[in-house]
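Listed below are the residues making up each chain.
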Amino acid sequence: MDARWMPTSDRDRRWMGRALELAHRAAEAGEVPVGAVLVRGDEAIGEGWNQPIGGCDPTAHAEVLALRAAAARVGNYRLVESTLYVTLEPCPMCAGAIVHARVGRVVFGAVDPRAGAAGTVFDLLHSPTLNHRAEVSGGVMAAECGALLREFFRARRSRPARVESVLNAD
């Protein structure tokens, strides 16, 4: 069995539930609904949800924001012995940040078939050329995480294009 699809614990489901709550915040703000929570021991030390549109910041992915919050809280950019729970498989940018932060484990919900960097498209979290590798568990609450993303994009496609409404306003 692929290590990314190991059975999940109640702990993993509990923290992924929190990440899903954060993903809902992103959706409410019109952002792609991804949420992340970084846990050390049994304590959340950083949380984030996608905010690149509202923040005019292409790096404001849920994972990066959770890492920033945790690093500020503990006073160190190295976040060893921590677990990052994220509703969508990290992209290459986020996987790079996870490696640099020395996160010990990444647990994700839905796979990202276009840009997943935890084994789906790329496997940056296990790359032998990088200085750190993280344990990865995928598919935790994948149905719930995937449904939130699908509904967000379905609703987005069904709305009239903003450009069309602006052009027709004259």
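Caption draft 1: Highlighting the sheet that holds strand β4 (residues 105-110). Across the sheet, which stays open at both edges, the five strands sit in the order β2-β1-β3-β4-β5 with mixed pairing between neighbours. Of all strands in the sheet, those bounded by a partner on one side alone are β2 (43-49) and β5 (135-138). The average angle at which neighbouring strand axes cross in this sheet is 15°, direction not considered. Summarising the sheet, strand β1 (residues 35-40) and β2 pair through six bridges and their orientation is antiparallel. The residue bridging A36 from the neighbouring strand is G48, located in β2. Contacts from helix α2 (residues 62-74) reach β1, β2 and β3 (82-88) within the one sheet, and its direction differs from that of β2 by about 140°. In the packing of helix α4 (residues 142-158) onto the sheet, the strands contacted are β3 and β4, and the crossing angle to β4 comes to about 60°.

Caption draft 2: Region of the structure containing the packing of aromatic side chains. The final tally for this structure, using the stated rule, is one aromatic pair. With 5.1 Å between their ring centres and 80° between their planes, F152 and F153 make a pair best called edge-to-face.

Caption draft 3: Focus on the confidence of the model for the protein chain. Across the protein chain, pLDDT averages 91, with 89% of residues at or above 70. This stretch, residues 163-170, has a pLDDT under 50; its non-local contacts, to residues over four places away or in other chains, come to zero contacts.

Caption draft 4: Inspection of the side chain of T83 at higher detail. Along the chain, T83 falls in strand β3. For T83, the residues in contact, after removing those within four places along its chain, are V37, L38, V39, V103, R105 and V107.

Caption draft 5: Quick look at the packing of helix α1 (residues 10-28) against α4. Packing of α1 against α4 leaves a shortest axis separation of 11 Å and a crossing angle of 5°. Overall, the two elements α1 and α4 adopt an arrangement that is roughly parallel. Side by side, α1 and α4 meet where M16, L20, A23, H24 and A27 of the first sit next to E144, C145, L148 and F152 of the second. In terms of residue class, the contact of α1 with α4 is built from seven nonpolar, one polar and one charged.

Caption draft 6: Highlighting the nonpolar core. The biggest cluster of nonpolar side chains holds 40 residues, and the ones touching the most others in it are L38, V103 and L125. Breaking this core down by element, the ones donating at least two residues are α1, β1, α2, β3, α3 (92-101), β4 and α4. In terms of residue count, α1 provides more of this core than any other element does, six residues in total. Every residue in contact with L38, bar those within four places of it in the chain, is listed here: E43, A44, I45, G46, L67, A70, L79, S82, T83, L84 and V103.

Caption draft 7: Highlighting the side chain of S137. Of note, S137 is situated in strand β5. At a separation of 3.3 Å, a polar atom in the side chain of S137 contacts the side chain of R105.

Caption draft 8: Summary view of the pattern of salt bridges. Overall, the coordinates contain 10 salt bridges when judged by the stated rule. Taking the shortest distance from any N to any O, the salt bridge between R11 and D42 comes out at 3.3 Å. Taken as a pair, R11 in helix α1 and D42 in the loop between β1 and β2 lie far apart in primary sequence, 31 residues in all. A relative accessible area of 29% means that R11 is categorised as partly exposed. R73 is the salt-bridge partner of E43, the closest N and O atoms lying 2.3 Å from each other. One end of the pair, E43, is in strand β2; the other, R73, is in helix α2, and 30 residues separate them in sequence. Taking the relative accessible area as the measure of exposure, E43 reaches 39% and is therefore partly exposed.

What counts, and where the lines are drawn
Residues numbered from 1 in each chain as written. Predicted model: local features only at pLDDT ≥ 70, side-chain atom pairs only at ≥ 80, totals over all residues. Heavy atoms only, no water. Pairing = 2+ DSSP bridges. Helix = DSSP H or I, 4+ residues; strand = E, 2+ residues; numbered from the N terminus. Axes fitted to C-alpha atoms, helices over the stretch in contact; angles between N-to-C directions. Contact = heavy atoms within 4.5 Å. Phe/Tyr/Trp six-rings, centres within 6.5 Å; stacked < 30°, edge-to-face > 60°. pLDDT = per-residue confidence, 0-100. Parallel < 35°, antiparallel > 145°, perpendicular 65-115°, else oblique. Nonpolar A, V, L, I, M, F, W, Y, C, P; charged D, E, K, R; others polar. Core = buried A, V, L, I, M, F, W, Y, C linked by side-chain atoms within 4.5 Å. Buried < 20%, exposed > 50% of the residue type's maximum accessible area, 1.4 Å probe, protein only. Polar contact = N/O pair within 3.5 Å; in protein donor to acceptor, adjacent residues only side chain to side chain. Salt bridge = Lys/Arg side-chain N within 4 Å of Asp/Glu carboxyl O.

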